[in-house]
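Now for the letters of each chain:
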Amino acid sequence: MEYKLIDVKREDLLAIQILGENNLNTSLVYKKNLLRDLLFSNDHILLKLVKNKEIIGIIICSLIPSENRIHIKYFLIDKKYRKKGLGTYMLKSITRMNYNTISLHVDTKNLIALKMYKKNNFRIIKLKEKYYSNPIRDSYYMILRKNITTEHFIIKKNRNNLILFLILLILFLNINKF
């Protein structure tokens, strides 16, 4: 793929702000100072989507280890590059991280984003009235709970078989003592 999802660097912050200004309502744009604070915090991940050294997307996530959850705070792809599977590509990268749940808020009127999230197995949990301001809009709180892998079941099944085997062995050895 000619696109790369890589870590944001300090020198990217102005370009990310401009990307937001060119693609979002101004009240939703993350300014350079906020981006800098998030970049240098220990509880956020900032990834940029790059094509030929041009930043064409951004995803910012809060890490919430106590809940084994990532919360997507800011997710944007340049209008010129939308509907090319890049949103799914970015989401799949986030789902590969070692967290069980991914959450986000999305404007109830943003039907294209809602469709993409649903296609990627996010589920609406609740409506948050007046979540956005300027203009006042509602949001859906959505989550993706990652499935427990087949490998987990195999390990659990093998562990259960091992426990059963050990119990039977102990019983067998105890019976043979008499």
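We now turn to the structure provided with this report. Numbers given for residues are sequential positions, taken from 1 along each chain in its written order. Two thresholds apply to this predicted model, a pLDDT of at least 70 for residue-level local features and 80 or more for giving and counting side-chain atom pairs, whereas whole-chain, interface and lining totals are computed over all residues. Side-chain measures here rest on the full set of heavy atoms in the structure, leaving out hydrogens and waters.

**Topic: the nonpolar core**
Then comes step 1: As used here, the term nonpolar core means buried Ala, Val, Leu, Ile, Met, Phe, Trp, Tyr and Cys residues forming a set that is joined through side-chain atoms within 4.5 Å. Only protein chains enter the accessibility calculation, which uses a 1.4 Å probe; a residue is then buried when its area is under 20% of its type maximum, exposed when over 50%, and partly exposed in between. Within the largest apolar cluster, 28 residues are counted, with the highest numbers of intra-cluster contacts made by Tyr117 and Phe122.
Then comes step 2: Secondary structure elements follow DSSP: runs of H or I no shorter than four residues count as helices, runs of E no shorter than two count as strands, and numbering proceeds from the N terminus. Only strand 1 (3-7), strand 2 (44-51), strand 3 (54-64), strand 4 (69-77), helix 3 (86-95), strand 5 (101-107), helix 4 (111-119) and strand 7 (137-145) provide two or more residues apiece to this core.
Then comes step 3: Whether two residues are in contact is decided by their heavy atoms: any pair within 4.5 Å suffices. Residues within four places of Tyr117 in sequence aside, it is in contact with Phe75, Leu91, Leu104, Val106, Phe122 and Met142.
Then comes step 4: Counting residues in each nonpolar core, the second largest holds 16 residues, with Leu13, Leu39, Val50 and Leu76 among its members.

**Regarding the packing of helix 1 (residues 13-23) against helix 2 (residues 32-39)**
Then comes step 1: Direction vectors running N to C along helix 1 and helix 2 enclose 125 degrees, while the axes themselves pass 9 Å from each other. Comparing their axes, helix 2 and helix 1 come out oblique. Helix 2 is crossed by helix 1, and the crossing has right-handed handedness. Contacts between helix 1 and helix 2 involve Leu13, Leu14, Ile16 and Gln17 from the first element and Lys32, Leu35, Arg36 and Leu39 from the second. For every element, the axis is a line fit to its C-alpha atoms; helices are fit only across the contacting stretch, and the angle between N-to-C directions ranges from 0 to 180 degrees. Throughout this description, any angle smaller than 35 degrees is read as roughly parallel, any larger than 145 degrees as roughly antiparallel, any in the 65 to 115 degree range as roughly perpendicular, and the remainder as oblique. Each crossing gets its hand from how the near helix is turned against the far one by less than a right angle, where anticlockwise is left-handed and clockwise is right-handed.

**What to know about the sheet that holds strand 2**
Then comes step 1: In space, the seven strands of this open sheet follow the order 1-2-3-4-5-7-6, with mixed pairing throughout. Two strands lie at the open edges of the sheet, namely strand 1 and strand 6 (123-132), each paired on one side alone. For this sheet, the mean inter-axis angle between neighbouring strands, taken without regard to orientation, is 25 degrees.
Then comes step 2: This element, helix 1, spans strand 3 and strand 4 of the sheet and lies at about 100 degrees to strand 3.
Then comes step 3: This element, helix 3, spans strand 1, strand 2, strand 3, strand 4, strand 5 and strand 7 of the sheet and lies at about 160 degrees to strand 4. For two strands to pair, DSSP has to find at least two bridges joining them.

**Thoughts on a positive patch on the surface**
Then comes step 1: Taken together, the side chains of Lys83, Lys92, Arg96, Lys115 and Lys119 define a basic patch exposed on the protein surface.
Then comes step 2: Mapped onto the elements of the fold, Arg96 is located in the loop between helix 3 and strand 5.
Then comes step 3: Among the residues examined, Arg96 registers a relative accessible area of 61% and is labelled exposed. The patches described consist of residues with a relative accessible area above 30% and no salt bridge, like charges being joined within 9 Å and nonpolar side chains (Val, Leu, Ile, Met, Phe, Trp, Tyr) within 5 Å. All accessible areas in this document rest on Shrake-Rupley with a 1.4 Å probe, and a residue is counted as covered only by the protein chains that are shown. We define a salt bridge as a contact between a side-chain nitrogen of Lys or Arg and a carboxyl oxygen of Asp or Glu at a distance within 4 Å. Neither His nor the chain ends is counted toward charge; the positive residues are Lys and Arg and the negative residues Asp and Glu. Lysine's charge is taken at NZ, arginine's at CZ, aspartate's at CG and glutamate's at CD.

**Notes on the packing of aromatic side chains**
Then comes step 1: Planes of paired rings set the category: under 30 degrees apart is stacked, over 60 is edge-to-face and the rest tilted, where pairs are Phe, Tyr or Trp rings (Trp by its six-membered ring) whose centres lie within 6.5 Å. Counting across every chain of the model gives five aromatic pairs.
Then comes step 2: With 6.5 Å between their ring centres and 80 degrees between their planes, Tyr3 and Tyr81 make a pair best called edge-to-face. With a gap of 78 residues between them, Tyr3 in strand 1 and Tyr81 in the loop between strand 4 and helix 3 connect regions that are remote in the sequence. Pair check on accessibility: Tyr3 and Tyr81 agree, each one buried.
Then comes step 3: For the ring pair Phe75 and Tyr117, a centre distance of 6.2 Å and an interplane angle of 40 degrees mean the geometry is tilted.

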